[in-house]
Amino acid sequence: MQSTPQQKSELKKSCVNCGAELLYAPGTTELKCEYCGHTQDIPPSEIGLQELELSPYLDAFGAQSHSEVITMLECKNCGANQHIEENYKSLHCVYCTMPLIIEDAHNEEWILPGAVLPFQLSKEKAHQIFKQWVRKLWWAPNKLQKATLDPQNTKGLYVPYWTFDAQLFANYKGQRGDYYYVSVPYTTTVNGKTVTRTRQERRTRWSPASGSISGFVDDTLIKASKQKAGIIPQKISRWDLKVLQPFDSSYLAGFVTEKYTIPLKDGHLAAGKEAEQIADRWARRDIGGDTQRISSIDMRLSEETFKHILLPVYVSAYSFKGKRYNFFVNGQTGELSGKRPYSFWKIFLFILMIVAILVGIVFAIDYFQQTQ
């Protein structure tokens, strides 16, 4: 594996007009100054997306060839590792809102991202999606409604993932099932008389099957971080990886970047399980018929490569009666998901109102009957 040039993910660019730091403008390929409005193009990459050979990294040999040191802050409450740019105004954990202590910053080595999916939605747009969602919630506490008034509660976060590519080959043994139908007699009662009728019942004819399958497994996506809480829901964890961009630190400007806490080795094990499921699906498709049984699959992966990639999510955290709630917006698609608190008093008053209406109806009916 050849060494690639080092890139500094903490490199900052200043505005040529006023000297302020340039920030990435979501949905563009530009950096923009939030003070004077000056923009600067992010140049296209000359090297493209970089797939790294997996084996040397698993063996720890050559692990320094595509890595760098980054300054990190670890949340003492939920354990999230976050790199926060110097310009970021609020040093609070994006997951649990607990203050981050700048004196606790420390340097860690990480495998340099090979690709990034830049934010396509602005922070203001994500906050608007969150506000619209909250307005539609039944029995939400008034404090939650107030929390949506402040866009500072919504923060942009680049979440780390591993992707794995491999050539898959497998030999399998199993059975092919083909459906057929037989007429089965049964008795029933019609007009007080017992009659015999027939009905069609499905049967399965099994025959032995074996063979081999092969193909390319592309971009198996494995989450590379975990915390005590604040887990990103599966509902919003869908991105179009076909529009990944070669990593450029410019896309990180103005956002929080989370460092992976799931090692490459563990990510590879999870990807292997995904590959086993893929092999099972391919084997069943190869067997054909109406249904299949798989008794054994001997799977092998070769030419394995991986990427460390960063994917965009907006996070809004809110505490209510000592419990934290997280809301997530996919920074590419705008899909939203989150858990919400309920107002006890709103539900209680609603139930009282329903009871009062029912009691009123009962009294009205009783009064009407007495006047007849």
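Here goes a summary of the coordinates provided. (Residues numbered from 1 in each chain as written. Predicted model: local features only at pLDDT ≥ 70, side-chain atom pairs only at ≥ 80, totals over all residues. Heavy atoms only, no water.)

**As for the pattern of salt bridges**
Inference 1: Under the definition given, this model contains eight salt bridges.
Inference 2: The salt bridge involving Glu51 is made with Lys307; its shortest N-O contact spans 2.7 Å. Linking Glu51 in the loop between strand 3 (39-41) and strand 4 (52-53) with Lys307 in strand 13 (residues 291-320), this pair joins segments that are 256 residues apart in sequence.
Inference 3: Overall, Lys307 belongs to the buried group, its relative accessible area being 1%.
Inference 4: Connected through shared salt-bridge partners, Glu51, Asp219 and Lys307 make up one network. (Salt bridge = Lys/Arg side-chain N within 4 Å of Asp/Glu carboxyl O. Helix = DSSP H or I, 4+ residues; strand = E, 2+ residues; numbered from the N terminus. Buried < 20%, exposed > 50% of the residue type's maximum accessible area, 1.4 Å probe, protein only.)

**A word on the nonpolar core**
Inference 1: Tyr24, Ile111, Tyr158, Trp162, Phe164, Leu264 and Phe306 are the most contacted members of the largest nonpolar core, which has 44 residues in total.
Inference 2: With sequence-adjacent residues up to four places away left out, Tyr24 is seen in contact with Glu30, Leu31, Ile42, Pro118, Phe119, Gln120, Tyr158, Ser250, Tyr251, Ala253 and Phe255.
Inference 3: Formed by 25 residues, the second largest nonpolar core is a distinct cluster that contains Cys75, Ala80, Ala115 and Val315. (Core = buried A, V, L, I, M, F, W, Y, C linked by side-chain atoms within 4.5 Å. Contact = heavy atoms within 4.5 Å.)

**What to know about the sheet that holds strand 3**
Inference 1: Here three strands make up an open sheet; going across it, the order is 1-2-3 and the pairing antiparallel. At either end of the open sheet lies a strand with only one pairing partner, and these are strand 1 (23-24) and strand 3.
Inference 2: Note that strand 2 (residues 30-32) and strand 3 share three bridges and pair antiparallel. Paired with Lys32 across the two strands is Thr39, which belongs to strand 3. (Pairing = 2+ DSSP bridges.)

**With respect to the environment of Val313**
Inference 1: The residue Val313 is located in strand 13 in this model.
Inference 2: Separated by 76 residues in the primary sequence, Val313 and Ser237 have C-alpha atoms spaced 9.0 Å apart.

**Thoughts on the packing of aromatic side chains**
Inference 1: As enumerated under the stated definition, the model contains eleven aromatic pairs in all.
Inference 2: Measuring from centroid to centroid gives 5.1 Å for Tyr57 and Phe306, while their planes differ by 75°, and the two rings are edge-to-face. Here Tyr57 is found in helix 1 (residues 54-58), whereas its partner Phe306 is found in strand 13, with 249 residues between them in sequence. Residues Tyr57 and Phe306 agree in their burial class; the two are buried.
Inference 3: Taken together, the ring pairs connect Tyr24, Phe119, Tyr158, Tyr251, Phe255 and Tyr314 into an aromatic cluster.
Inference 4: Residue placement shows Arg205 over the ring face of Tyr180; its charged tip is 4.2 Å from the ring centre.
Inference 5: Sitting above the plane of the Trp206 ring, Arg293 keeps its charged end 3.8 Å from the centroid. (Phe/Tyr/Trp six-rings, centres within 6.5 Å; stacked < 30°, edge-to-face > 60°. Lys NZ or Arg CZ within 6 Å of the ring centre and 35° of its normal.)

**With respect to a nonpolar patch on the surface**
Inference 1: A surface patch of nonpolar side chains, amounting to about 530 Å² of accessible area, comprises Met353, Ile354, Ile357, Leu358, Ile361 and Ile365.
Inference 2: On the secondary structure map, Ile354 appears in helix 5 (residues 344-371). (Patch = residues over 30% accessible without salt bridge, like charges linked within 9 Å, V, L, I, M, F, W, Y side chains within 5 Å. Areas by Shrake-Rupley, 256 points an atom, 1.4 Å probe, with all protein chains shown as cover.)

**Side note on the pairing of strand 10 (residues 193-223)**
Remember that side chains alternate between the two faces of the sheet whenever the strand is regular.
Inference 1: Relative to strand 10, strand 9 (residues 154-190) runs antiparallel, the two sharing 29 bridges. Residue pairing in the sheet places Tyr161 in a bridge with Lys223 of strand 10.
Inference 2: Counting the residues in the hairpin turn of strand 9 and strand 10 gives two residues, including Asn191, whose phi is positive at 55°.

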